[in-house]
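Residue-level structural notes
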Amino acid sequence: MAREVPTPIRAQVAALREQIRDADHRYYVLDDPSLSDSQYDEIYRELVALETAWPEVVAADSPTQRVPGVLGEGFQPFQHPSPMVSLDNVTNAEQFHDWVASGDRYLRSEDPRRYSVEPKIDGIGLELIYQDGVLVTAATRGDGLVGEDVTTNARTIRSVPQRLRGPNVPEWIAVRGECYCRKKDFFAFNRAAEEAGERTFANPRNFVGGSLRMLDSTVPASRPIRYFAYALGGVRGATYGSQGELMAALQELGLPTIPEARVLDGADAVAARYIELVEARESVPYEMDGVVIKVDDAALQERMGMRTRSPVWAVAWKFPAQRALTKLNDVDWQVGRTGVVTPRAILEPVFLAGVTVSHATLHNLDELERLQLKIGDEVEIERAGDVIPKVLRALDDQRSGDEREIQIPTTCPACATVLHRDEGKVALRCGNFACPAQIKRHLAHFAGRGALDVRGLGEKQIEQLLREGLVQDAADLFYLEEDALAALDRWGVKSAQNVLAQLEAARTRPLDRFLVGLGIREVGERGGKILARAFGTLAGVQAATKEELLELDEVGEAMADSVLDWFSEPRNQAMLERMRAAGVAPAEVAVAAGGAFEGLTLVLTGKLEELSRDEAKRLVEAQGGRAASSISKRTDLLVAGPGAGSKLKKAEELGIEVVDEAEFLRRAGRV
Ligand code: IVH
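Our subject in this report is the structure included herewith. (Residues numbered from 1 in each chain as written. Predicted model: local features only at pLDDT ≥ 70, side-chain atom pairs only at ≥ 80, totals over all residues. Heavy atoms only, no water.)

In a regular helix each residue adds 1.5 Å, so 23 residues correspond to 33 Å; helix α1 (residues 7-29) covers 32 Å between its end C-alpha atoms and thus fits that length. Three or more residues of α1 are buried, namely I9, V13, L16, R17, I20, R21, A23, D24, H25 and V29. Turning to α1, the residues buried within the fold contact α2 (37-53) and α8 (243-252). At the C-terminal side of α1, D31 shows a positive phi close to 60 degrees. (Helix = DSSP H or I, 4+ residues; strand = E, 2+ residues; numbered from the N terminus. Expected span 1.5 Å × (residues − 1). Buried < 20%, exposed > 50% of the residue type's maximum accessible area, 1.4 Å probe, protein only. Contact = heavy atoms within 4.5 Å.)

Dropping the structure here:
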């Protein structure tokens, strides 16, 4: 029988929780700490002690329950209460004023031209659902209709309240916003990771995205991830008359909102604020990649309505790509996993868009020719969002005469084999299959995230294994032994065991990922999927004839030849044989059982209104079907939107069933 918890204990527990929530709110939301760390810890420990002594009082929304857990089976899909739309972009003042003018049509002359102007946070969108003030679900955007339930991870984010505050808590509310990481927290994290020899991230956005999608939430719990709320997905028991009012209400509920957001009158004030934010870009603590402008008035938003995937009443005004001047100190040549040798600019380090840039891509020989660079040149470089910085031009009027010509290598920088250029191609290539640089890249690709995903085997570790003679090709990875690994510099027993456990799991990765890992030319992520789905097993792919390959939609001559070449190479056959002997058995592809399109081949054509092409394809695959690009006898269903042409005609000729997008969505269980 449950004990009766004495009232004073209940009261004390409630008071401690309130103090902790308040301190969290002051620290993470208002950025204005009220307690010292040791004061906070003391209160927290007191609460833990009471909850341990009186487990009857533990509640899901207690601050002590921000405890990470481990999810067994990936994430559950979560259907958003209303679509999580994206935003249309404008890139300059003229386009912005066009957007304003198109919106003016909805206005009467006495209506205020009032806008909410907010930084566009470069993070990961997250929806939070509160039932009676208690956080019940957190979900990522996914395809906008269905996201992933990441509640366990989101609970570890301290600026996400577990429970809403104040007198005006609505009965039910879906709040939308962005998970992000402050720039300085991100740099500190990367620095520490680098020192510890652990994985670093390219930018705060990847860092946040990767963390949110981890199955073991002890990891995100230890990472400096924060949240800003900026939109509503739905509400019951409250109404908000404008975006400004919504932001004030969310703040009152204890949710963090963007401090730099402003409600302004008139397009000119908006344009002026845009410039201010461009100028503030470096100094704000988080990364923003533009400005979001929303018509403030909710009734007006309603009147303006939605396009297919974005509201008419809001727009994103992107920031310009960031540029800087620096010096080209040298050019080095890198050998990729397929032997292509590419030039890379070595730059005088320069701070640009939140990171220190010391390298930039020069793509290929044509690009080098076009840029007419010389070593020692002053160059302008650009970095846009995620992409690798690139060299835009040389300031050739700044030359002193001491600049040197760039030497195009005639032999491989790694193995000295004479390089050749493929007929009609811009790539310079090393044809030595034993080239150490190629092998290193190839193994890193094989063990990399797109393929077998062997954690703890990065390029550095692989280089070490190659140098020590422990591996020569991918098959050797499956013959590694603990003692040999543990004896390596900076490894030890624990790392050795970890990597061996990872390799054990890698033996049965899905076939498509294994195929990607082999590094067959022309076979990327999509190609791997097509082959895996068509042939089911590695032996099946290996036995495929050219006719069988060409019969697959989306497989052309180049891919078919490349697959045949790869599997007919005795060296590759021997490697696969050694992998098999070591227990490598890529998991056969299971077609989603019971999916609406199980075993069917669908083709999409014409304009789709609700879904993008990629979303529709993913939906087909998620329902067990195959999305092909052309109509053939083997097509089972054609989804035709407005503007469908020759495919529709051909389908009708062949007597193939044709449906519109609405019917497609209905069959997929979407409406
Ligand atoms: S509002 C109806 N506000 O940008 C409006 N979005 O392309 C829906 N984002 O996926 C979005 N900062 O993840 C809004 N202040 C802000 C934002 C913001 C970043 C992201 C959001 C969305 C994407 C839109």
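We now examine the packing of helix α16 (residues 511-518) against helix α17 (residues 525-535). In contact at an axis separation of 8 Å, α16 and α17 are set at 130 degrees when each is read in the N-to-C sense. Relative to α17, the element α16 is oriented oblique. Crossing hand, α16 versus α17: right-handed. Between α16, through L511, D512, L515 and V516, and α17, the contact on the second element is made entirely by E525, G528, K529, L531 and A532. Class assignment for the residues of the contact of α16 with α17 results in 5 nonpolar, 1 polar and 3 charged. (Axes fitted to C-alpha atoms, helices over the stretch in contact; angles between N-to-C directions. Parallel < 35°, antiparallel > 145°, perpendicular 65-115°, else oblique. Left-handed = near helix turned anticlockwise from the far one by under 90°. Nonpolar A, V, L, I, M, F, W, Y, C, P; charged D, E, K, R; others polar.)

Below, the discussion takes up the site of the ligand. As a matter of local geometry, the ligand sits amid 15 residues, with E118, I121, E178, Y230 and K294 nearest to it. In this structure, an oxygen atom belonging to the ligand sits 3.2 Å away from a main-chain N or O atom of L87. If the ligand stood free it would expose 520 Å²; the protein chains cover 87% of that surface. Of all elements in the fold, only β3 (114-121) and β10 (288-295) reach the threshold of two or more residues within the shell around the ligand. It is β3 that provides the largest number of residues to the shell around the ligand, a total of 4 residues. (Near = heavy atom within 4 Å. Polar contact = N/O pair within 3.5 Å; in protein donor to acceptor, adjacent residues only side chain to side chain. Areas by Shrake-Rupley, 256 points an atom, 1.4 Å probe, with all protein chains shown as cover.)

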